[in-house]
Amino acid sequence: MNTPYENLVNAIILRAVEDYRKALRVLSEHPYHRDALREKRSILRFFHSDWFCVLTNLDPELLIKRLDKEVAA
């Protein structure tokens, strides 16, 4: 059973993943969409941040590669 802390951590990371997917989908159709580019950069900063490392032991590069591949398919 997850603790409230674990539930919060999971929700934060899942939201970032969903938002990243959404930004990638928009960019696949509109490569210069300013809001989507800004959102993507912001989420990439989060994935590479110390805060992300505190929240999880996921490898951010592997996560990003999988998400990029998933949306490109």
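Look up a bit, the structure's there.
What comes next concerns the included structure. Everything numeric here is computed off the predicted structure, so don't read it as measured data.

Brief notes about helix α4 (residues 60–72)
Part 1 of the argument: Taking 1.5 Å per residue, 13 residues should reach 18 Å; α4 reaches 18 Å between its end C-alpha atoms and fits that length.
Part 2 of the argument: Within α4 the residues assigned to the buried category are Pro60, Leu63, Ile64, Leu67 and Val71. Seen along its axis, α4 keeps its buried residues to an arc of 95 degrees; they face one direction. Exposed residues lying more than 90 degrees from the buried face of α4 are Lys65, Arg66, Lys69 and Ala72.
Part 3 of the argument: Against the buried residues of α4 lie α1 (4–29), α2 (34–47) and α3 (50–55).
Part 4 of the argument: You can read the cap of α4 off the contacts: a side-chain oxygen lies 3.0 Å from the backbone nitrogen of Glu61, and it is on Asp59.

Considering the nonpolar core
Part 1 of the argument: Formed by 15 residues in total, the largest nonpolar core has its most connected members in Tyr20 and Phe47.
Part 2 of the argument: Elements that contribute at least two residues to this core include exactly α1, α2, α3 and α4.
Part 3 of the argument: For this core, the element with the highest residue contribution is α1, accounting for six residues.
Part 4 of the argument: Tyr20 has contacts with Lys40, Ile43, Leu44, Phe47, Ile64, Leu67 and Asp68, leaving out every residue within four places of it along the chain.

What to know about the packing of α1 against α4
Part 1 of the argument: Closest axis-to-axis distance for the α1/α4 pair is 10 Å, and the angle between their directions is 45 degrees. Taken together, the axis directions place α1 and α4 in an arrangement best described as oblique. In this structure, the crossing between α1 and α4 has a hand that is right-handed. Along its contact with α1, which presents Val17, Tyr20, Arg21, Leu24 and Arg25, the element α4 presents Leu63, Ile64, Leu67, Asp68, Glu70 and Val71.
Part 2 of the argument: Grouping the amino acids of the contact of α1 with α4 by side-chain chemistry returns seven nonpolar, no polar and four charged.

Cut-offs and rules
Note on numbering: residues in each chain are counted from 1, in written sequence order. Per-residue local features are limited, in this predicted model, to residues with pLDDT of at least 70; the limit for side-chain atom pairs, both in listing and counting, is 80 or more; totals at the level of whole chains, interfaces and linings are taken over all residues. Only hydrogens and water are removed before side-chain values are computed, so all heavy atoms of the structure are retained for them. Labels follow the DSSP assignment, with helices taken as runs of H or I lasting at least four residues and strands as runs of E lasting at least two, numbered in each case from the N terminus. To estimate how far a helix should extend, the number of its residues minus one is multiplied by 1.5 Å. A 1.4 Å probe rolled over the protein chains alone gives each residue an accessible area, and that area as a share of the maximum for its type sets the label: buried under 20%, exposed over 50%, partly exposed in between. It is the directions from the helix axis to the C-beta atoms whose arc is reported. In this analysis, two residues are considered to be in contact whenever any of their non-hydrogen atoms come within 4.5 Å of each other. Polar contacts, as counted here, are pairs of nitrogen or oxygen atoms within 3.5 Å of one another; within protein the pair requires one atom able to donate a hydrogen and one able to accept it, and residues that are adjacent in sequence qualify only if both atoms are side-chain atoms. Among buried residues, those of type Ala, Val, Leu, Ile, Met, Phe, Trp, Tyr and Cys that are joined through side-chain atoms within 4.5 Å constitute a nonpolar core. Structural elements are reduced to axes, namely lines fitted to C-alpha atoms, with helices fitted over the stretch in contact, and the angle between N-to-C directions of any two is expressed from 0 to 180 degrees. Oblique is the label for any angle not covered by the other classes, which are roughly parallel (under 35 degrees), roughly antiparallel (over 145) and roughly perpendicular (65 to 115). In a left-handed crossing the near helix is turned counterclockwise from the far helix by less than a right angle, and in a right-handed crossing that turn is clockwise. Here the nonpolar group is Ala, Val, Leu, Ile, Met, Phe, Trp, Tyr, Cys and Pro; Asp, Glu, Lys and Arg are the charged ones; every other residue, Gly included, is treated as polar.

Purely geometric stuff here, so don't read any function into it on its own.
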